[in-house]
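Structural characterization, general
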Amino acid sequence: MNLSPEQIAAAVSTAKSIAVIAGPGSGKTRTLVARVAHLIAGGVKPSRICVVTFTNEAARELERRLAVFCENARLGYAGTLHGLLLRYIQADHGEHKLTVADPEQVAAMIEASIRRLRYTGTKEALNEVLARGPHGISRAMSREEVVAADFWQEMESAGLLDFDSILHRGWHLIRIGVAGNEFFHLLVDETQDTGRMDWKIYEAMPTPNKYYVGDTDQSIYGFRGGSPEFLTALATAPGTEAHYLNGNYRCGEFICDAANAVVSNVANRLPKRTESQTGEAGTVTATAYDNQAAEIVGIATRLHGVNYEDCAVLLRLNKHVEIYAAGLAAMGVPVRRRQTEDRPAYWRDAKQLVALCANPDNDWLAYDWICKSVGRDAAQEAKRHAAEDLTTINEVIPEPMKHGMNIAEAIVELGKARCSKAAIEAIEQLAAQLDGSATLNDLLIAIHSDTTATDDGSGVVVGTIHGSKGREFSTVFLPAFEQGIIPANRDVDEERRLTFVGMTRAKAALHVSHAARRPNLYTKVIEAAEPSQFVSEAEL
């Protein structure tokens, strides 16, 4: 494996606590794979290694790369944190199966508890208590805590588990010593997007060796609870060995300079820079246009004669993605929209049926499915027969579901139930990202956490900066760089990091632009606009 001296040092370190601060284009995944390969070559059993990734797709990519160096090495775990904790929770429950509930089902059960207890407080106060998890109830029991306790009791009785409480319940099992003891090495990718609860779990894990990888300058998911503060604190903590991968093998020198100039204004950040290793200067421009239409025409003109497939137009807001994609297409530019997939028809039905396949004896799920697929009268009749026979609803219906179904068998059931072809294909795609030992509950976790983004069509990618994370293009356009758009009315430092991410998607050319006048996205009234402060911070 061809590694730089910095990558080698990070891969072979013998420290117990390691923080690898890996900047854009620095070979982060290569270093992580090298670390795992080094551990295995040194005699560590693969089954004693746990790798937590941000997505299941990232885990499968790591395993594919690892297989080149360590044939037939099966890691103890490689996947998302939710997937790992779900395995602990299921093991703790033994024969009493829990099934991951659909968010809509969870919302309905919360509303049922609110009505049953005649709760008159605010949703905000209740959500704050629910966010603390089932083990966050105080002895004083406020009215919100009474409702939350009732909800969790009903969920337990129904054999259901909501997505958010997986973290809390998993952390509790680790904290009391009944889970997390099987690994000798814990490796965590994308640590810059770790939330407070995630970090509590990693700290509680009894694993003696911990290896965290991420870039504090690319933490852009604050709206999901992610924060760079945990990785920043770890990198400077006594007892932690920090490795900085500053070499950037993607971006030209001038692109790195502009990105560094913006992100250097972030408060309390680690002292580091992304340093170009390409040997190329790169091109950086800043262009002022009179209005939005002129900006679109200007971008289309610059795109003339370039390889459309290696270009991207990245915007801060989804609404602008629609406008710029339509505008460029009208100018004859082939557009490949980068977007989160819309859910296909009958998507919720497919999710519910997968949940029922995971646990056919769950009367709550069975009743809900019969209501939806046949009707409430049939569901009530099945429920009555089950009560009379002291059995489950599944045992009294004409064609009972098989117990212990695997993922392939559940997908067959989706076809029998006439779920849409698009819904079945979407679930098959998610299933393909799981490892061979995955259960139906692992598939449910993947379904509930999926934010899959795809390219629609061919040509220039037009999408959000958030959606471009992890990608690279020869030429990148960053239009609509104006105050109120980027930075928006939120955490300015996170907006700086978002700008850093957008700029470092470019390999050879970066074009930033802004307009003097722009239509208000809601009123459509033409308003004066000011260049983003990040344009001057980048010294453009």
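Residue positions within a chain follow its written sequence, with the count starting from 1. Two thresholds apply to this predicted model, a pLDDT of at least 70 for residue-level local features and 80 or more for giving and counting side-chain atom pairs, whereas whole-chain, interface and lining totals are computed over all residues. Neither water nor hydrogens contribute to the side-chain values; these are computed over all heavy atoms in the structure.

**Some points on the overall build of the protein**
Cut-off, in case you're wondering: Secondary structure elements are defined from DSSP: runs of H or I of at least 4 residues count as helices, runs of E of at least 2 residues count as strands, and each element is numbered from the N terminus. Throughout, the radius of gyration refers to the C-alpha atoms, and the reference size of a globule is 2.2 Å times the residue count to the power 0.38. Under the scheme applied here, a residue whose accessible area is under 20% of the maximum for its type counts as buried, over 50% as exposed, and between as partly exposed, the area being computed with a 1.4 Å probe on protein chains only. Here a residue-residue contact requires only that any non-hydrogen atoms of the pair lie within 4.5 Å. The accessible surface values rely on the Shrake-Rupley method and a 1.4 Å probe; as for residues, cover is taken only from the protein chains in view. In this tally Asp and Glu are treated as negative and Lys and Arg as positive; neither His nor the chain ends contributes. The atom standing in for a charge is NZ when the residue is Lys, CZ when it is Arg, CG when it is Asp and CD when it is Glu.
A count of helices and strands for the protein gives 22 helices and 18 strands. The C-alpha radius of gyration computed for the protein amounts to 25 Å, which stays within 12% of the reference 24 Å derived for 540 residues, consistent with globular compactness. Once the C-alpha set of the protein is aligned to its principal axes, its extents read approximately 75 × 60 × 50 Å. Counting only residues that meet the buried cut, the protein has 53% of its 540 residues in that class. Sequence separation of at least 24 residues holds for 78% of the intrachain contacts in the protein that already meet a minimum separation of 6. Here the protein has roughly 24,100 Å² of accessible surface; of this, 50% comes from carbon and sulfur atoms. Computed over 56 positive and 69 negative side-chain charges, the separation of the two mean positions in the protein equals 1 Å.

**A closer look at the packing of aromatic side chains**
Selection rule: Put simply, two rings from Phe, Tyr or Trp (the six-membered ring, in Trp's case) pair if the centres are within 6.5 Å, and we call them stacked under 30 degrees between planes, edge-to-face over 60, tilted for the rest.
Enumeration according to the criterion identifies seven aromatic pairs in this entry. Seen from their ring centres, Phe151 and Trp152 are 6.0 Å apart, and the 50 degrees between their planes marks the pair as tilted. Overall, the relative accessible area of 3% leaves Phe151 in the buried class. On the basis of relative accessibility, which here comes to 11%, the residue Trp152 falls in the buried class. Ring pairing ties together the aromatic residues Trp199, Tyr202, Tyr212 and Phe230, which thus form one cluster.

**Focus on the packing of helix α5 (residues 103-116) against helix α7 (residues 143-157)**
Where we set the bar: As a rule, the C-alpha atoms of each element are fitted with a line to give its axis, helices using only the stretch in contact, and angles between N-to-C directions run from 0 to 180 degrees. Throughout, the term roughly parallel applies to angles under 35 degrees, roughly antiparallel to angles over 145, roughly perpendicular to angles from 65 to 115, and oblique to all others. By definition, turning the near helix anticlockwise from the far helix through less than a right angle yields a left-handed crossing, and turning it clockwise yields a right-handed one. Note on residue classes: Ala, Val, Leu, Ile, Met, Phe, Trp, Tyr, Cys and Pro are nonpolar, Asp, Glu, Lys and Arg are charged, and everything else, Gly too, is polar.
The interhelical angle for the contact between α5 and α7, taken along N-to-C directions, is 130 degrees, at an axis separation of 9 Å. As the angle between them shows, α5 and α7 are arranged oblique. Where α5 crosses over α7, the two elements pack in a sense that is right-handed. Of the residues in α7, those in contact with Val106, Met109, Ile110, Ser113, Ile114 and Arg116 of α5 are Val147, Asp150, Phe151, Glu154 and Met155. Partitioned by chemical class, the residues of the contact of α5 with α7 number seven nonpolar, one polar and three charged.

**Looking at the sheet that holds strand β8 (residues 241-245)**
Under the convention used in this document: Strand pairing follows a simple DSSP-based rule, namely that at least 2 bridges must link the two strands.
In space, the six strands of this open sheet follow the order β3-β2-β6-β7-β1-β8, with parallel pairing throughout. Each edge of the open sheet is held by one strand with a lone partner, namely β3 (77-79) and β8. Averaged over all neighbouring strand pairs, the angle between strand axes comes to 10 degrees, with direction disregarded. Summarising the sheet, strand β1 (residues 17-22) and β8 pair through five bridges and their orientation is parallel. Across the sheet, Ile18 pairs through a bridge with Glu241, a residue of β8. On top of the sheet, helix α9 (residues 196-204) reaches β2 (49-52), β6 (185-188) and β7 (209-214); it is set at about 150 degrees to β7, its chief contact.

**As for the pairing of β7**
In summary, the side chains of a regular strand alternate between the two faces of the sheet. As a reminder of what qualifies: By convention a crossover is right-handed if, when the strands point away from the viewer, the path from the first strand over the helix to the second runs clockwise.
Of all six residues in β7, six are buried, a share of seventy percent or more. The side-chain alternation of β7 yields two buried faces, one formed by Asn209, Tyr211 and Val213 and the other by Lys210, Tyr212 and Gly214. Strand direction decides the pairing type here: β1 and β7, joined by five bridges, are parallel. Bridging from a neighbouring strand, Val20 pairs with Val213 of β7. Pairing of β6 with β7, which is carried by four bridges, proceeds in the parallel orientation. Bridge pairing links His185 to Asn209 in β7. For the handedness criterion, the β-α-β arrangement of β6, α9 and β7 is classed as right-handed.

**Structural notes on helix α12 (residues 292-303)**
What counts is decided by this rule: One less than the number of residues in a helix, times 1.5 Å, gives the span that helix is expected to have. In the analysis that follows, any N or O atom pair within 3.5 Å is treated as a polar contact, provided that within protein one partner can donate a hydrogen and the other can accept it, and provided that, for residues neighboring in sequence, both atoms belong to side chains.
Helix length check: α12 (twelve residues) gives 17 Å between terminal C-alpha atoms against 16 Å at 1.5 Å per residue, within 8%. Taken as a whole, α12 has its buried residues at Gln292, Glu295, Ile296, Gly298, Ile299, Ala300 and Leu303. The backbone nitrogen of Ala293 lies 3.2 Å from a side-chain oxygen of the residue at the head of α12, namely Asn291. Phi for Gly305, located one or two positions after α12, is positive at around 85 degrees.

**What about helix α4 (residues 81-93)?**
Quick reminder: α-helices carry 3.6 residues per turn. Residues three or four places apart thus point the same way. Taking 1.5 Å per residue, 13 residues should reach 18 Å; α4 reaches 19 Å between its end C-alpha atoms and fits that length. The element α4 is extensively covered by neighbouring structure, given that ten of its 13 residues are classed as buried. Turning to α4, its buried residues number three or more, namely Leu81, His82, Gly83, Leu84, Leu85, Leu86, Tyr88, Ile89, Gln90 and His93. Count one or two residues on from α4 and you reach Gly94, which has phi positive near 60 degrees.

**Considering the side chain of Thr99**
In this structure, Thr99 sits in strand β4 (residues 99-100). With sequence-adjacent residues up to four places away left out, Thr99 is seen in contact with Gly159, Leu160, Leu161, Ala355, Ala358, Asn359, Leu365, Asn441 and Leu444.

**Quick word on unusual backbone geometry**
A cis geometry characterises the amide bond from Ile486 onward to Pro487, with omega recorded as 5 degrees. If you trace the backbone, Pro487 turns up in the loop between β16 (473-478) and α21 (492-503). Even without glycine at this site, Asn72 takes up a positive phi of about 65 degrees. You can see Asn72 is positioned in the loop between α3 (56-69) and β3. The backbone of Arg418 shows a phi angle near 60 degrees, a positive value even though the residue is not glycine. Inspection of the secondary structure puts Arg418 in the loop between α18 (407-416) and α19 (421-432).

**What to know about the pattern of salt bridges**
Under the convention used in this document: In what follows, salt bridge is the name for a side-chain nitrogen of Lys or Arg lying within 4 Å of a carboxyl oxygen of Asp or Glu.
Throughout the structure, instances matching the rule amount to 37 salt bridges. Linked through salt bridges whose partners overlap, the residues forming this network are Lys28, Asp189, Glu190, Asp193 and Lys469.

**Quick word on a nonpolar patch on the surface**
Counted only if it meets this: The patches described consist of residues with a relative accessible area above 30% and no salt bridge, like charges being joined within 9 Å and nonpolar side chains (Val, Leu, Ile, Met, Phe, Trp, Tyr) within 5 Å.
A cluster of nonpolar side chains, contributed by Met1, Val68 and Phe69, occupies part of the molecular surface with about 310 Å² of accessible area. With respect to the secondary-structure elements, Met1 resides in the segment before α1 (5-12). Met1 sits in the partly exposed class, given a relative accessible area of 43%.

**A few points about the packing of helix α6 (residues 123-130) against α7**
If you want to describe how two helices pack, look at the angle between their axes and the distance between the axes. Direction vectors running N to C along α6 and α7 enclose 55 degrees, while the axes themselves pass 9 Å from each other. Between α6 and α7, the interaxial angle falls into the category oblique. Seen from above, α6 lies across α7 with right-handed handedness. Two secondary-structure elements touch here, α6 through Ala125, Leu126, Val129 and Leu130 and α7 through Glu144, Glu145, Val147, Ala148, Phe151 and Trp152. Residues of the contact of α6 with α7, tallied by class, amount to eight nonpolar, no polar and two charged.

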